[in-house]
Amino acid sequence: MMLTKINRSFRLLSAGAALSLLLTAAPSAYAATPRDTLVEGFAFDDILSMDPAEAYELSAAEITGNTYSLLVRLDINDTSKIKNDIAESWSVSDDHLTYTFKLKPGLKFASGNPITAEDVAWSFERVVKLDKSPAFILTQFGLNGDNVTEKAKATDPNTFVFTVDKPYAPSFVLNCLTATVAEVVDKKLVLQHVKPATPTADYKYDNDFGNSWLKTGFAGSGPFKLREWRANEAVVLERNDNYYGEKAKLNRVIYRFMKESSAQRLALENGDIDIARNLSPTDLEAIEKNPQLASTNAPKGTIYYMSLNQKNPNLAKPEVQQAFKYLVDYDAIGKTLIKGIGEIHQTFEPKGMLGSLDENPFKLDVAKAKELLAKAGLPDGFSVTMDVRSVEPDTGVATAIQQTLGQAGIKVELIPGDGKQKLTKYRARGHDIYYGNWGPDYWDPHSNADTFTTNDDNSDTSTNKTLVWRNTWTSPELEKQAKAALFEGDATKRGAMYQDIQKKFLEASPFVILYQQTEVAGYRKDVVDFKLGPSFDNNFVWPVSKR
C-alpha cells in the first residue's frame, strides 16, 4: 500500500520535482522509483556539451543517441548493416561520389516543426563551420566552410544530396553518417537562439550557429527529448510524443550522477535507482547473487589505453614506449580489476570489427623493460605524471600500472580528476601520460585506424584532434596505409590491410592498449527490455518499460 501511494504521488509531480525528490531521498530508505520513470545510476562526469556538433564524449553520445535522429543508423542486431532512420531510402551513384537520401514524409521535431532536407543540410553546415572536435568525421569527405552548402544540400523538401571528394567504399561513408555528429537539428528552433560572433582569422562567421544554447539545450526529434542536464548531478529525458517511430514506453528517464560502484549497488538494492551502470567486478558479483536483481552485459567497441605524450623527451624514446608495454601485469588486471567487465586486448581495432587483430604479444617482463630503458639511456628510470579519471576501474588499473612501472624505476605520480578536467587537459596536449578509453565514432575500422595513425599537422594550433595528435606523434607510413584501406572494396582484403597496420603499430607506437570493455549493468527485476548496445551511442532506453 505504501509503495502504491509513493508511485501515485510521483506521477503527480513534475519531472523537476520528481528529480529533486529522487536526488535528496535518503539512500537507506526503500522507496520505489516512479512507475513511469527509469532512474539510472551513471558516472557521466565526462560530458562537456550536448550539442551534436560538439559533443564528443561517451556519456554525451548515449544521451544524444536517445534524443536525436539520423539519416541512417547502425543495425545493432547486425553491425555489418545500416538501416534507415529519417531517410526512407538512399542511393549511391556509380562513381561512388554522390549519395541521395529521400526523407520519410510528414516527420516532426519535438518542437512540432517539420523535419525537412533543409534541416539535414544545415545540420551538416553548422558542424563543418563550427569545426569542433567531431567535425572531422564529415570534413574528411572534402567538406569545408566554403563548399559545404554545395556538397551537402537539399534539392527539395524531402531530398538531401551529399557529395564526397573521392570514391570511398560506400559502407565507410554510410557508417560515418551513423555517428552522433551527423544527428539532425531543428534549424528553425536553433536559429532563434544564435548569438552574434566577431569574425577572426580562425573563425570567420558572424554567429555561433546556436552552439552556446545547444550546449545545454535541445533541438532534436528522437524518442526522448532533453529536459535538463545538471553537470555532475543529473540528466533528465522526457518522452517525445512527436516521435515518428515506436513511442517510448516510459514518460521519462533520469540519469543520476553516481561515481562510486558501491554507491550504485546500494542504491539499486534499496530501490532508489532502477539500473546501475558503472559496476566493479565485486559489486557485479553481489548483484548477481541478489534474487531481486539481475544483470546484463554486452561486448563493447570501447578500448582502454595508456598514451605517452611525445612532448616529454623521455616518453618520446621508442625504447621507452616499448618498455611501458612490458611493465603492465595484464594477467593480474584481467583476473581481478576487469573480471567480468573487460578482456585483455592489445590492438586498436576492437573484437567484432572488420580487421580486428586477436593478438596479445605483451606480458609483464620487468627484465626486458629494464633492458629497453638502458638502451634509451635511462637505466635508473625517471619520474613522470599520469592523468586518470576518478572512477573505477580506471583508478584501480592506473594504480596497478603505477606499481609495476615502479619495478623498473619509473616513478609515476597519479593525477586524478573528473572526466571534464582530464579531457580538457588531454585535448590541449598538457599531459605526460593519459589513461583513458576510446570508442569508435562509427562502426567501421577506419574510425579507430584514423585516430590512432593520422596526424597531418603536428603543430599545437592544428585543427587535427586525433589521438595521435594529442600525443604529438606521427607515423606517415601507417597513415598512408590507413588511407589506402578506405578504397578497398573487397572486405577480406580491407580487413587484412588493417591487421597489417596494427602489427606495425604494436612494434612502434606511444600507446599501450590494455583491454576491451564488456559493458555491464545491474537492474531491478521490474525493469523490462533493458539492453546494452554494441557501441556507446546505442544504449537505447525507449524500448524499456517497468512492471
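Residues numbered from 1 in each chain as written. Predicted model: local features only at pLDDT ≥ 70, side-chain atom pairs only at ≥ 80, totals over all residues. Heavy atoms only, no water.

**Regarding unusual backbone geometry**
Where the residue is not glycine, phi is negative for most of them; where a peptide bond is considered, it is trans in most cases.
Next, step 1: Geometrically, the link from E392 to P393 is a cis peptide bond, its omega value of 5° lying close to zero.
Next, step 2: Within the element layout of this structure, P393 appears in the loop between β14 (383–389) and α15 (394–406).
Next, step 3: A positive phi is found at H96, a non-glycine position, where the angle reads about 60°.
Next, step 4: Assignment of secondary structure puts H96 in the loop between β4 (87–92) and β5 (98–103).
Next, step 5: Non-glycine residue F209 carries a positive phi angle of around 55°. (Helix = DSSP H or I, 4+ residues; strand = E, 2+ residues; numbered from the N terminus.)

**Overview of the nonpolar core**
For soluble globular proteins, the rule of thumb is that nonpolar side chains tend to be buried together.
Next, step 1: Formed by 105 residues in total, the largest nonpolar core has its most connected members in F160, F162 and V235.
Next, step 2: No other element matches the 8 residues that helix α4 (residues 117–130) contributes to this core.
Next, step 3: Counting 53 residues, the second-largest nonpolar core is a separate cluster that includes V39, A267, V320 and V366. (Core = buried A, V, L, I, M, F, W, Y, C linked by side-chain atoms within 4.5 Å. Buried < 20%, exposed > 50% of the residue type's maximum accessible area, 1.4 Å probe, protein only.)

**Let's talk about α4**
Next, step 1: Between its first and last C-alpha, α4 extends 20 Å over 14 residues, near the 20 Å set by a 1.5 Å rise per residue.
Next, step 2: The buried fraction of α4 is high, at 13 of 14 residues. (Expected span 1.5 Å × (residues − 1).)

**Focus on the side chain of R277**
Next, step 1: If you trace the backbone, R277 turns up in the loop between β11 (275–276) and α11 (281–288).
Next, step 2: One polar contact links R277 to E519, side chain to side chain, over a distance of 2.8 Å.
Next, step 3: R277 has contacts with E40, G41, F42, E62, Y255, Q264, E519, V520, A521, F530, L532 and N539, leaving out every residue within four places of it along the chain. (Polar contact = N/O pair within 3.5 Å; in protein donor to acceptor, adjacent residues only side chain to side chain. Contact = heavy atoms within 4.5 Å.)

**Here we look at empty space enclosed by the protein**
Next, step 1: Tallied over the entire structure, the rule returns 5 cavities of 30 Å³ or more.
Next, step 2: Looking at the largest cavity, its volume works out to about 420 Å³.
Next, step 3: For the largest cavity, the lining is made up of 26 residues, of which N278, Y304, N437, Q517 and E519 are closest to its centre.
Next, step 4: Counting residues per element, the lining of the largest cavity draws most heavily on strand β17 (residues 511–524), at 5 residues.
Next, step 5: The residue makeup of the lining of the largest cavity, split by class, is 11 nonpolar, 7 polar and 8 charged. (1 Å grid on protein atoms, 1.4 Å probe; cavity = no way out; pocket = protein on both sides within 12 Å on 5 of 7 lines; lining within 4 Å. Points joined across faces, edges and corners; volume = space filled by probe spheres on them. Nonpolar A, V, L, I, M, F, W, Y, C, P; charged D, E, K, R; others polar.)

**Digging into the layout of surface pockets**
Next, step 1: Looking at the largest pocket, its volume works out to about 840 Å³.
Next, step 2: For the largest pocket, the lining is made up of 33 residues, of which F136, T139, Q140, T463 and N464 are closest to its centre.
Next, step 3: Looking at the lining of the largest pocket, the elements with two or more residues in it are α4, α5 (136–139) and α17 (445–451).
Next, step 4: With 3 residues, the top contributor of residues to the lining of the largest pocket is α4.
Next, step 5: Grouping the constituent residues of the lining of the largest pocket by class yields 11 nonpolar, 11 polar and 11 charged.
Next, step 6: Roughly 550 Å³ of internal volume is contained in the second largest pocket.

**Some details on the packing of aromatic side chains**
Next, step 1: In this structure the tally under the stated criterion is 34 aromatic pairs.
Next, step 2: Between the aromatic rings of F42 and Y255, the centroid separation amounts to 5.8 Å while the plane-to-plane angle is 40°, which identifies the pairing as tilted. Here Y255 lies in strand β10 (residues 252–257) and F42 lies in strand β1 (residues 37–42), a separation of 213 residues in the sequence. Both residues of the pair, F42 and Y255, belong to the buried class. (Phe/Tyr/Trp six-rings, centres within 6.5 Å; stacked < 30°, edge-to-face > 60°.)

**Description of the sheet that holds β4**
Next, step 1: Across the sheet, 4 strands lie side by side as β4-β5-β7-β6; this open sheet has antiparallel pairing. Two strands close off the open sheet at either side, each with one partner strand: β4 and β6 (152–156). Strand-to-strand, the axes of this sheet are offset by a mean angle of 25°, without reference to chain direction.
Next, step 2: Pairing analysis gives 5 bridges linking β4 to β5, with the strands arranged antiparallel. Bridging across to β5, S89 finds its partner in K102. (Pairing = 2+ DSSP bridges. Axes fitted to C-alpha atoms, helices over the stretch in contact; angles between N-to-C directions.)

**Thoughts on the pairing of β1**
Next, step 1: In terms of residue burial, β1 counts as a mostly covered element, since 6 of its 6 residues are buried.
Next, step 2: Because side chains alternate across β1, one face comprises the buried residues T37, V39 and G41, and the other comprises L38, E40 and F42, equally buried.
Next, step 3: Where β1 and β10 come together, 6 bridges link them in parallel fashion. Bridging from a neighbouring strand, V39 pairs with I254 of β10.
Next, step 4: The pairing of β1 with β11 spans 2 bridges and is parallel.

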